[in-house]
Amino acid sequence: MKNTFGTSVSLTVFGESHGPFIGAVLDGLAPGIEVNEEDIKHALTLRRPAGRISTSRQEKDEYVIASGVFEGKTTGTPIAIIIPNADTRSKDYKKTYGLARPGHADFAAFCKYHGFEDYRGGGHFSGRVTSALVAAGAVARAALAKKEIYLGTHIKELAGVPDRAFEDLKADIDELYGKVFPVLSSEAEEKMRAEIEKAAAEGDSVGALLETVVIGMPAGVGEPYFDSVESVISHMMFSIPGVKGVLFGAGTDFAKMRGSEANDAFRMDGNGNVYTKTNNNGGVNGGITNGSPLRFTTVIKPTPSIYKKQETIDFINGEEKDISIEGRHDPCIAHRARIVADSLTAIALCDILSGRYGTDFFA
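Heads up: these notes are all about the structure in this document. (Residues numbered from 1 in each chain as written. Predicted model: local features only at pLDDT ≥ 70, side-chain atom pairs only at ≥ 80, totals over all residues. Heavy atoms only, no water.)

**Re the sheet that holds strand β9 (residues 161–162)**
Using the following cut-off: At least two DSSP bridges between two strands are needed for those strands to be called paired. To qualify as a helix, a DSSP run of H or I must reach at least 4 residues; to qualify as a strand, a run of E must reach at least 2; elements of each kind are numbered from the N terminus. Two residues form a contact once any of their heavy atoms are found within 4.5 Å. Fitted lines through C-alpha atoms serve as axes, helices being fitted only where they are in contact, and the angles separating the N-to-C directions of these axes extend from 0 to 180 degrees.
Overall, antiparallel pairing links the five strands, which are arranged β9-β8-β10-β16-β11 in an open sheet. Both edges of this open sheet fall to β9 and β11 (243–248), since each of them pairs with a single strand only. Relative to strand β16 (residues 294–300), strand β10 (residues 208–215) runs antiparallel, the two sharing seven bridges. From the neighbouring strand, E211 faces β16, where its bridge partner is T297. In the packing of helix α5 (residues 169–177) onto the sheet, contacts are made with β8 (150–158), β10 and β16, and the angle to β8 comes to roughly 75°.

**Re the pattern of salt bridges**
Just so we agree on the cut-off: In the sections that follow, a salt bridge refers to a side-chain nitrogen of Lys or Arg positioned within 4 Å of a carboxyl oxygen of Asp or Glu. Think of it in three bands: residues with accessible area under 20% of the maximum for their type are buried, residues over 50% are exposed, and the middle band is partly exposed, with areas taken using a 1.4 Å probe on protein chains only.
Within the structure shown, the criterion is met by 16 salt bridges. In this structure, D118 and R120 form a salt bridge, with 2.8 Å as the shortest nitrogen-oxygen distance. Taking the relative accessible area as the measure of exposure, R120 reaches 26% and is therefore partly exposed. The partner of D330 in a salt bridge is R336, and the shortest N-O contact between them spans 3.0 Å. Classification of D330 by relative accessible area gives buried; the value is 10%.

**A few points about the layout of surface pockets**
Put simply, the rule is: Using protein atoms alone on a 1 Å grid, points that fit a 1.4 Å probe yet trap it form a cavity, whereas open point sets bounded by protein on both sides within 12 Å along at least five of seven lines form a pocket; residues with an atom within 4 Å of a point count as lining. Grid points are joined across faces, edges and corners, and a volume is the space filled by probe spheres set on the points. Put simply, Ala, Val, Leu, Ile, Met, Phe, Trp, Tyr, Cys and Pro go in the nonpolar bin, Asp, Glu, Lys and Arg in the charged bin, and everything else, Gly too, in the polar bin.
Considered as a void within the structure, the second largest pocket measures approximately 310 Å³ in volume. As for the second largest pocket, its lining consists of 15 residues, and the residues nearest its centre are T7, D227, V232, D351 and I352. Of the residues forming the lining of the second largest pocket, the biggest block, four residues, is contributed by helix α9 (residues 334–357). Taken together, the residues that form the lining of the second largest pocket break down as three nonpolar, seven polar and five charged.

Next comes the structure, spelled out in structure tokens:
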């Protein structure tokens, strides 16, 4: 089972939804990076449930940094973060064991692990495990900020309701980091919340598009083929439960364009700095950063745990069945997933930058 990402800076994740602990190990970060525990707590708050538009499961996320940090700064050795699980109701899952919940990994996990998997709450496949990734990501985000590299994610569209586009990138990034519901338009927030509540009232769920922007990345970072910037970031985004697509720059709109529209013209400012007039390519050419802001969109599918009756199979007894899922579930995960996207982007960028400039780049 492969649970480690990265080469120069690596991330290992462990734990299950209803196990005693979840956790992450972040290895390879330079020594001397300030670790502000208030930043970690804030990031975990952004991942927590938010009232009627989220699950009723409430975890305090009282994490412990077990190694790698001394007197508020990284030591250069592995940073191990452990978070206990407390608010679990495993009995909700005993009733449906052997029934393949549509959209979930139950059947696939049974085939891979021969029935020895922890099925409670989705086990290792649960979004609960992302809490540890968020805690580790807060450390990586601080490392990037030290080099004046900043990032942020908003809900670009939810149930057909669009948010406004990024405008003043640094100001928008700062604003989003302070918001539990990550949109740039108050009108969009009201409409999106209404759509989530409507789906929840009907026992259903909705999906969304998340858009991430990164500013301050130097040009010339990344590799042309197997470790392109797009490949590495996409690798991380697809590790988020519920992600079904990652699009850079104009994404699928490229299929509607001609080259004269799609190409980003290069120019120079009065100080000789290179920039592009447009950013259809999302800040990447040939797998390598070109100095323009990184931009990519992540597709979040509707939460598969819904309360409507669905068709399925009993893969233990070999029978077709109907299933009505019980328990506590999110009618939408997009507002909680955005900080996971931020966190994994930060870790991916730390790995890319350390690979280019060496692990002391952040020292």
